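As a plain string of letters, each chain reads:
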2 protein chains.
Amino acid sequence: MDYAAYFAANRESQLNELKEWVSIPSISAQSEHKQDVNRAAEWLAEALARAGLEHVAIHPTAGHPIVYADHLHAPGKPTVLVYGHYDVQPVDPLHLWQTPPFEPDIRDGKLYARGATDDKGQLFIHIKAIEAILRQEGALPVNIKVCIEGEEEISSANLYPFLQANKELLAADAVLISDTELLAPGQPAICTGLRGLCSMDIAVRTAKTDLHSGSYGGGVPNALHALVTLLDSLHEPDGRIAVAGFYEDVPELSAEMKAELAKKGVDEEGIRERLELDALFGEAGYTYAERVGARPTLEINGMYGGFQGEGTKTVIPCEAHAKITCRLVGRQNPQDILDKIERHLRLHTPPGAKVSLVQREKGNPFTIEPSVPVLQKAADAYEHVYGVRPVFTKDGGSIPIVEAFARELTAPVVLMGFGLPTENLHAPNEHFHLENFDKGLLTIVTFLRRLA
Amino acid sequence: MDYAAYFAANRESQLNELKEWVSIPSISAQSEHKQDVNRAAEWLAEALARAGLEHVAIHPTAGHPIVYADHLHAPGKPTVLVYGHYDVQPVDPLHLWQTPPFEPDIRDGKLYARGATDDKGQLFIHIKAIEAILRQEGALPVNIKVCIEGEEEISSANLYPFLQANKELLAADAVLISDTELLAPGQPAICTGLRGLCSMDIAVRTAKTDLHSGSYGGGVPNALHALVTLLDSLHEPDGRIAVAGFYEDVPELSAEMKAELAKKGVDEEGIRERLELDALFGEAGYTYAERVGARPTLEINGMYGGFQGEGTKTVIPCEAHAKITCRLVGRQNPQDILDKIERHLRLHTPPGAKVSLVQREKGNPFTIEPSVPVLQKAADAYEHVYGVRPVFTKDGGSIPIVEAFARELTAPVVLMGFGLPTENLHAPNEHFHLENFDKGLLTIVTFLRRLA
């Protein structure tokens with residue numbers, strides 16, 4: 001049976017398996033889901049064993065476990081390390097989901113569920129491609145190692161030490177990851193750059209207790225005023241980040257790079273309309289594609305303080321909180337950037353306010369040259385299945401461990417995504433176009449066979 | 001039996017009654033407490049009847065009910081209208097309460113409970129003073145009307161139309177209110193000025209959904225950034241409010257007024273230490289007493305948006321919310337101020353953000369001359385019980401209906417408070433010093449008898 005016929009025959013049972021997996025709420029950021037994260041790891045380990053992989057092991061860490069498996073029976077052939085993650089993002093605001101995030105639903109050829117595209121659905125392609133080759137041919141054309149973590153959405157804190165401690169176990173000639181996007185329906189893309197990431201929690205404290213704005217209003221600091229002033233000081237009105245030295249290690253965009261980004265043919269007006277925005281907004285002097293693909297950011301991801309209930313409360317809040325993240329590019333170092341932000345916030349703290357900061361995630365930016373041979377083979381595989389040659393893009397997102405894989409294993413990392421930019425990852429109604437699930441299976445089979 | 005002996009003999013049973021009342025969570029701002037608010041009104045009506053008042057009636061309104069009662073058997077004597085409120089503020093942050101807000105607890109001579117001082121405890125003084133005179137003398141020295149609302153903490157929206165529609169029912173020679181403060185332990189005060197109040201909800205919307213900061217970060221507006229910019233634009237760094245025309249109807253402080261406020265002898269360093277603040281903060285060019293007593297304010301009371309849970313979420317939030325209130329002085333008009341803020345916010349809205357505003361409360365500032373005879377009689381009563389003559393003060397708080405009573409009934413309003421500035425009203429661990437409950441009973445009995 002050819003592979004297209006094989007996958008068609010097994011489609012329903014494979015999708016039912018995937019639905020089972022995405023129904024497990026493995027939200028790594030929320031401790032109440034600790035058991036669900038473990039369940040998702042166990043489910044994954046069983047699926048890897050069913051696929052025919054060997055040495056399946058769940059490695060406990062200080063956080064969520066890492067699942068390893070391999071199939072090393074192709075002597076003289078290259079070894080491919082498949083990486084992915086079985087953890088998912090939180091789901092709020094829950095009321096905006098059309099169907100519950102952990103009750104997977106297939107509508108209009110799309111699978112709706114948290115994790116459908118990021119990353120369970122995409123990772124599942126690899127498992128089923130490997131299973132298919134083993135069932136069809138009884139052997140794999142290359143050596144395969146699989147290393148799947150449960151902390152990608154919270155910055156892979158425990159994968160990095162695992163990687164350092166297990167360089168031999170994980171040693172490979174290439175790392176294969178599907179956690180990025182096609183450029184558009186029918187147009188594949190290979191990602192040659194990812195932004196780095198760092199994050200910080202900010203807390204502001206003023207008086208020892210909330211105060212009545214009648215008795216004290218006008219005479220005492222307000223924690224929300226102080227937080228608003230601090231946060232507003234982080235950007236210039238033209239969108240530039242106002243933290244001293246923030247852009248120090250950001251290379252100026254070369255004419256070549258600008259041309260490459262322009263080739264993506266981003267439809268700014270289309271994006272604006274689809275998001276129902278009055279206007280796009282970003283750093284002055286750059287196009288949308290440049291801002292998202294090759295420039296760093298500083299975003300406030302959440303904020304709260306004072307009275308948030310119904311009605312009015314005439315209170316002067318004594319505490320206020322915010323969460324920020326930065327996307328990094330070029331030679332920006334996450335620790336250095338967090339230190340610069342910290343310095344900025346301490347300098348700008350208004351009278352009467354005390355600021356406390358917690359530095360959280362730290363991931364370096366990643367970049368690779370399109371001319372690397374394994375990337376060209378990946379491009380051939382895409383072209384074989386999609387009928388068009390993929391473009392080489394820079395992605396605005398971050399997979400903090402990618403740069404670490406490349407550095408520690410001195411192996412090229414192949415980012416072959418099958419998601420779409422419109423699939424609401426990290427937002428309500430996340431989904432995965434099953435057309436790309438189908439084509440993804442064939443693409444990965446083709447890629448692994450051509451690597452041999 | 002003299003009154004001191006009478007109140008001593010009845011103290012325990014009266015406090016038990018009061019504890020029963022403050023245990024009812026009559027939070028007017030929260031619709032889930034609608035039934036509790038009704039229960040508090042019913043409890044009050046029964047207490048008024050028990051005290052010997054007549055024509056006790058619970059008047060339904062579009063919101064929470066108004067409780068009326070009277071005792072009009074002193075022909076030729078003045079009529080006093082007692083006003084107060086049986087609703088209370090919300091209780092969050094709940095975790096900062098040492099004992100639950102609706103499980104009243106007496107410690108160190110203080111009653112701890114939401115509403116203990118604002119205003120159930122203070123209002124209860126009037127009920128028990130009237131009851132005492134009726135039981136001791138069989139008649140009242142003046143005519144008494146009682147009008148108690150359940151919406152003071154949400155700006156008396158329904159009391160104002162009730163007042164306009166029932167001017168004859170409520171007609172009086174003086175209005176008596178205990179919802180303000182002594183200057184300090186042992187030093188009574190009569191309030192001759194209250195700040196006005198207005199409030200507004202602000203909502204910012206950007207994209208139609210939350211977005212992933214990897215895919216979109218740098219290229220689209222962030223609702224929290226827009227809100228932070230808007231809110232920060234409302235103040236100058238020196239504490240002045242930056243809204244055009246905000247100070248137009250604020251009279252400059254006269255030398256006389258400054259001297260009167262200075263007489264309060266506010267211990268700025270003591271306040272700073274008690275609140276555990278690094279520094280006090282307020283409008284440049286004014287003392288603490290001037291800022292709180294005679295200058296207008298604009299405070300952010302609450303704010304929320306984006307991810308507020310544990311950990312990190314790399315999201316660009318599409319909505320963000322804030323609640324603000326202003327304290328007004330002089331001839332500032334709440335509607336005019338809200339309109340000016342609205343204009344300011346529309347002018348300062350950053351690109352890509354849509355702002356929606358809901359105007360809420362609107363109460364005028366109030367002022368009265370200390371020389372008014374009924375205020376001098378109130379001063380005599382205080383002096384008789386506390387041994388010192390009260391000072392005449394301006395209070396930074398707002399009782400929006402006070403100005404309306406004075407205007408609609410053309411009657412002087414006597415603000416005789418028995419609370420203390422340290423009693424955490426509107427904050428966790430609200431309490432009431434029972435020493436002032438005891439002295440308050442005697443002061444009100446003395447005042448009513450001297451009015452005759």
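Owing to the predicted nature of the structure, the values given are computational and were not obtained by experimental measurement.

A. Structural context of the domain arrangement of chain A. All names here are of chain A. Domain boundaries assigned for chain A yield domain 1 (3-194 + 365-451) and domain 2 (196-250 + 296-363). Spacing between the C-alpha centres of domain 1 and domain 2 amounts to 35 Å. Contact with domain 1, which involves nine residues of that partner, is made by 10 residues of domain 2. In terms of surface lost to domain 2, no three residues of domain 1 exceed Ser155, Pro365 and Ser398, which account for 68% of the buried area on that side. Our enumeration of links across domain 1 and domain 2 arrives at zero salt bridges. Taken together, the connections running from domain 1 to domain 2 amount to two residue pairs in polar contact (both at pLDDT 80 or more). The class makeup of the residues in the side of domain 1 that touches domain 2 is four nonpolar, four polar and one charged.

B. Geometry of the relation of the copies chain B and chain A. Under the fitted operation, chain B is carried onto chain A by 0.1 Å of movement along the axis and a turn of 180 degrees, and the coordinates agree to an RMSD of 0.1 Å. Taken together, the rotation and translation describe the operation of a two-fold axis. Residue B:Tyr304 of chain B places its C-alpha closer to the rotation axis than any other residue of that unit, at 2.1 Å.

C. The sheet that holds strand β5 (residues 110-112) of chain A, seen in detail. Residues and elements named next belong to chain A. Within the open sheet, the three strands sit side by side as β4-β5-β18. Their pairing is antiparallel. Both edges of this open sheet fall to β4 (105-107) and β18 (431-433), since each of them pairs with a single strand only. Pairs of neighbouring strands in the sheet enclose a mean axial angle of 25 degrees, with direction left out of account. By the bridge criterion, three bridges tie β5 to β18 in an arrangement that is antiparallel. Note on β18: the bridge partner recorded for Tyr112 is His431.

D. Structural detail: the packing of aromatic side chains. Counted by the stated rule, this structure contains 18 aromatic pairs over all chains. Ring-pair connections join several aromatic residues into one group, and the members of that group are A:Trp21, A:Trp43, A:Phe124 and A:Phe437. Between the NZ or CZ atom of A:Arg50 and the centre of the ring of A:Trp43, over which it lies, the distance is 5.6 Å. Of note, B:Arg107 hangs over the ring of B:Tyr112, and the distance from its end group to the ring centre comes to 3.8 Å.

E. Examining the interface of chain B and chain A more closely. Chain B puts 88 residues into the contact, and the matching count from chain A is 88 residues. Approximately 7700 Å² of surface area, both sides summed, lies buried where chain B meets chain A, with 51% of it carried by carbon and sulfur atoms. We note a salt bridge from B:Asp92 to A:Lys313, for which the minimum N-O separation is 3.5 Å. At the boundary of chain B and chain A, one finds 51 residue pairs in polar contact (both at pLDDT 80 or more). Across five bridges, strand β11 (residues 297-306) of chain A lies against strand β11 (residues 297-306) of chain B in antiparallel orientation.

F. Highlighting helix α13 (residues 401-409) of chain B. All names here are of chain B. Across the nine residues that make up α13, a large majority, seven, are buried. Those residues of α13 lying buried are Ile401, Val402, Glu403, Ala404, Phe405, Glu408 and Leu409. Among the residues trailing α13, Thr410 stands out with phi positive, at a value near 35 degrees.

G. The pattern of salt bridges, seen in detail. Following the criterion strictly, the structure yields 54 salt bridges over all chains and no others. Here B:Arg389 ties to B:Glu383 by a salt bridge, and the two come within 2.7 Å at their closest N and O atoms. In this structure B:Glu383 comes out as partly exposed when scored by relative accessible area, which is 33%. Within this structure, A:Glu17, A:Arg50, A:Lys128, A:Glu131 and A:Arg135 form a network of salt bridges that share partners.

H. Local environment of the UniProt feature "domain: Peptidase M20 dimerisation" (unreviewed entry) in chain A. UniProt feature "domain: Peptidase M20 dimerisation" (unreviewed entry): in the numbering of this structure it lies at residues 192-351 of chain A. Note that residues 192-351 of chain A is 32% helix and 23% strand, and that its end C-alpha atoms are spaced 46 Å apart.

I. Looking closely at the pairing of strand β8 (residues 189-194) of chain B. All names here are of chain B. Taken across its six residues, β8 has six buried, putting it largely inside the fold. By the bridge criterion, five bridges tie β8 to strand β16 (residues 391-395) in an arrangement that is parallel. Following the sheet pairing, Ala189 is matched in β16 by Val391. Two strands pair when backbone bridges link them, and β8 and strand β17 (residues 413-416) are joined in this way by two bridges, in the antiparallel orientation. Note that in β17 the partner of Cys191 across the bridge is Leu415. Bridge analysis of β8 against strand β15 (residues 366-367) gives two bridges, and the strand direction is antiparallel. Bridged to Gly193 within β15 is Thr367.

J. Quick peek at helix α3 (residues 120-137) of chain A. Residues and elements named next belong to chain A. Look at α3: 26 Å from first C-alpha to last across 18 residues, which is about the 26 Å you get at 1.5 Å a residue. Judged by how many residues are buried, α3 sits mostly within the fold: 15 of 18 residues are covered. Positive phi shows up at Gly138, right after α3, with a value of about 75 degrees.

K. Local environment of the packing of helix α3 (residues 120-137) of chain B against helix α14 (residues 434-451) of chain B. Residues and elements named next belong to chain B. Packing of α3 against α14 brings their axes to within 9 Å, and their N-to-C directions diverge by 55 degrees. Taken as axis vectors, α3 and α14 run oblique relative to one another. In this structure, α3 crosses over α14, and the sense of that crossing is right-handed. Between α3, through Gly121, Phe124, Ile125, His126, Lys128, Ala129, Ile130, Ile133 and Glu137, and α14, the contact on the second element is made entirely by Asn436, Phe437, Gly440, Leu441, Ile444, Val445, Leu448 and Arg449.

L. Focus on the state of the cysteines. All names here are of chain A. One pass over the structure, following the stated rule, counts zero disulfides over all chains. Of all cysteine sulfurs in the structure, the one in Cys198 sits closest to Cys191, which takes part in no disulfide; the separation is 19 Å. Residue class for Cys191 comes out buried when judged on its relative accessible area of 3%.

M. Just the sheet that holds strand β9 (residues 196-205) of chain B, in detail. Across the sheet, which stays open at both edges, the eight strands sit in the order β14(A)-β9(A)-β13(A)-β11(A)-β11(B)-β13(B)-β9(B)-β14(B) with antiparallel pairing between neighbours. Two strands in the sheet have a free side with no partner beyond their single neighbour: β14 (354-363) of chain A together with β14 (354-363) of chain B. The mean angle between the axes of side-by-side strands here comes to 20 degrees, regardless of whether they run parallel or antiparallel. Inspection of the sheet shows β11(B) paired to strand β13 (residues 319-328) of chain B by eight bridges, in the antiparallel sense. By the bridge assignment, B:Gly302 is partnered in β13(B) with B:Lys323. Packing of helix α7 (residues 223-232) of chain A onto the sheet brings it into contact with β9 (196-205), β11, β13 (319-328) and β14 of chain A together with β11 of chain B, and relative to β11(B) it is tilted by some 65 degrees. Set on the sheet, helix α7 (residues 223-232) of chain B makes contact with β11 of chain A together with β9, β11, β13 and β14 of chain B; between it and β11(A) the angle comes to about 65 degrees.

N. Inspection of unusual backbone geometry at higher detail. Of note, the bond from A:Asp92 into A:Pro93 is cis; its omega dihedral lies within 30 degrees of zero at 0 degrees. In this structure, B:His55 is a non-glycine residue whose phi angle is positive, near 50 degrees. Locating B:His55 in the fold gives a position in strand β1 (residues 54-59). Judged by its relative accessible area of 56%, B:His55 falls in the exposed class. Residue B:Asn424 is not a glycine yet carries a positive backbone phi of 55 degrees. Within the element layout of this structure, B:Asn424 appears in the loop between β17 and β18 (431-433).

Conventions adopted
- Residues numbered from 1 in each chain as written.
- Chains lettered and ligands numbered in written order.
- Predicted model: local features only at pLDDT ≥ 70, side-chain atom pairs only at ≥ 80, totals over all residues.
- Heavy atoms only, no water.
- Domains from an automatic or database assignment.
- Contact = heavy atoms within 4.5 Å.
- Buried area = accessible area lost by both parts, 1.4 Å probe.
- Salt bridge = Lys/Arg side-chain N within 4 Å of Asp/Glu carboxyl O.
- Polar contact = N/O pair within 3.5 Å; in protein donor to acceptor, adjacent residues only side chain to side chain.
- Nonpolar A, V, L, I, M, F, W, Y, C, P; charged D, E, K, R; others polar.
- Least-squares fit on C-alpha atoms with pLDDT ≥ 70 in both.
- Pairing = 2+ DSSP bridges.
- Helix = DSSP H or I, 4+ residues; strand = E, 2+ residues; numbered from the N terminus.
- Axes fitted to C-alpha atoms, helices over the stretch in contact; angles between N-to-C directions.
- Phe/Tyr/Trp six-rings, centres within 6.5 Å; stacked < 30°, edge-to-face > 60°.
- Lys NZ or Arg CZ within 6 Å of the ring centre and 35° of its normal.
- Buried < 20%, exposed > 50% of the residue type's maximum accessible area, 1.4 Å probe, protein only.
- UniProt positions renumbered as here; feature names shortened; annotations may be inferred.
- Expected span 1.5 Å × (residues − 1).
- Parallel < 35°, antiparallel > 145°, perpendicular 65-115°, else oblique.
- Left-handed = near helix turned anticlockwise from the far one by under 90°.
- Disulfide = S-S within 2.5 Å.

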